[in-house]
Amino acid sequence: GDVSGQRYQRRVREAVVSTQSTGAINNNKCWQPILEYIDHKFEEYLNAEGHVNRPSVPDNRVHCCLYFIAPGHGLKPLDIKFMKKLHEKVNIVPVIGKADTLTPEECVEFKANVMRQIEENEIKIYQFPIEEFEDEEEQQDLQAQLPFAVVGSNTILDVNGKKMRARMYPWGIAEVENPDHCDFIFLRNLLIRTHMQDLKDVTNNSLYENYRCQKLAAVTSVSLDSKVAASNRNPLAQFEIEKRSHQEALKSMMADLEKTLEERVKENMEGMENHKKEMQTRHEAAQRHIEKIRTELDGKKKELAEQMKLLEELQLSTNITVNNSTTSLNSTKDKSHSKKSKGTKKLF
């Protein structure tokens, strides 16, 4: 039939899960609750697929993780470790929060540092599919926006009858949906309009499939032959075997505990070392910034001294000129007065 002029609307159902931020005193395995939540949703979907009657399996899997990065000089060691723990489970889209605290130049530099660190640490973030774009230039434009820098709104303005989300400052307004002010519109289009289906496809065909294969491979059944062999053994021999088995299991548990303790100590030491390096890097950056300001001030002082010297020379030259003019004028007056005196004597 003729469908021209008809307008179709599609209802989009999305669930947003907000998690606690990191940065507390104890960040040991702070990513574990998120990993458990993602695995729990995968497990629900896997169990639903195994039912005999499954006309429509509800898809409550996590298809995207918006990882918010605090403004600064780059990724923190915890950010790197956190994303490396998540990148095999979910599509990661890096986002810079509170981007209004950065100048445009600082934002560009910060984005470049974050993407460089992501590449150096082999962190797998969401990759835009080439076939979704009409041309390669459009893909490069969107790829160049990563990580998306966003600003939260604190008011709604009415501009020419149109509602607009914005953030008010004493000195001006930042429009949330203005691409010149922040990248919110690119992020919104990515999640809802242009790449929503691709995010679901990557989750289903890659991330969930890996989880499913690992889960099914871990399922093992007890062999019937091993049961028959165990029933034909001498009870005392069976007791000795079980005793040795328990002792080996106990040794294995002790070894695992020691290994876990060593790993935690190593992680804490690495964390302290990374924190020390980060603080050293910040200190060096601050020192370079101070040295730069000091050099600029010295240059301005030198320039000011030269200008003061020129001004003094100019004033001195002006005073000499004024004195010469005054001397010439007095000399002229004296000559005129002398002539007048002589003329007066002749009359008498």
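Located above this text is the structure these notes cover.
Residues numbered from 1 in each chain as written. Predicted model: local features only at pLDDT ≥ 70, side-chain atom pairs only at ≥ 80, totals over all residues. Heavy atoms only, no water.

(A) Focus on the overall build of the protein chain. Within the protein chain, the regular secondary structure consists of eight helices and six strands. Buried residues in the protein chain amount to 22% of all 348 residues. In the protein chain, the share of contacts with a sequence separation of at least 24, taken over all contacts with a separation of at least 6, comes to 69%. Total accessible area computed for the protein chain in this model is approximately 26,800 Å², and 53% of it derives from carbon and sulfur atoms. (Helix = DSSP H or I, 4+ residues; strand = E, 2+ residues; numbered from the N terminus. Buried < 20%, exposed > 50% of the residue type's maximum accessible area, 1.4 Å probe, protein only. Contact = heavy atoms within 4.5 Å. Areas by Shrake-Rupley, 256 points an atom, 1.4 Å probe, with all protein chains shown as cover.)

(B) Just the pattern of salt bridges, in detail. Considering all chains together, one arrives at 12 salt bridges under this definition. Its salt-bridge partner being glutamate 278, residue arginine 282 comes within 2.8 Å of it at the nearest N-O pair. Linking arginine 282 with glutamate 278, this pair stays in helix α8 (residues 235-347), spanning four residues, or about one helical turn. Taking the relative accessible area as the measure of exposure, arginine 282 reaches 38% and is therefore partly exposed. (Salt bridge = Lys/Arg side-chain N within 4 Å of Asp/Glu carboxyl O.)

(C) Looking closely at the environment of phenylalanine 68. Inspection of the secondary structure puts phenylalanine 68 in strand β1 (residues 65-69). Along the primary structure phenylalanine 68 and phenylalanine 148 are separated by 80 residues, whereas in three dimensions their C-alpha atoms are 9.4 Å apart. The residues touching phenylalanine 68, leaving out its near neighbours within four places in the chain, are Val95, Gly97 and Val150.

(D) Representation of unusual backbone geometry in the model. For the bond from leucine 146 to proline 147, the omega torsion is -10°, close enough to zero to count as cis. Mapped onto the fold, proline 147 is located in the loop between α4 (136-144) and β3 (148-149). Positive phi values are uncommon outside glycine, yet lysine 98 reaches one of about 55°. Tracing the sequence through the fold places lysine 98 in the loop between β2 (92-96) and α3 (104-120). Its identity is not glycine, yet glutamate 122 carries a phi of approximately 55°, on the positive side. On the basis of relative accessibility, which here comes to 64%, the residue glutamate 122 falls in the exposed class.

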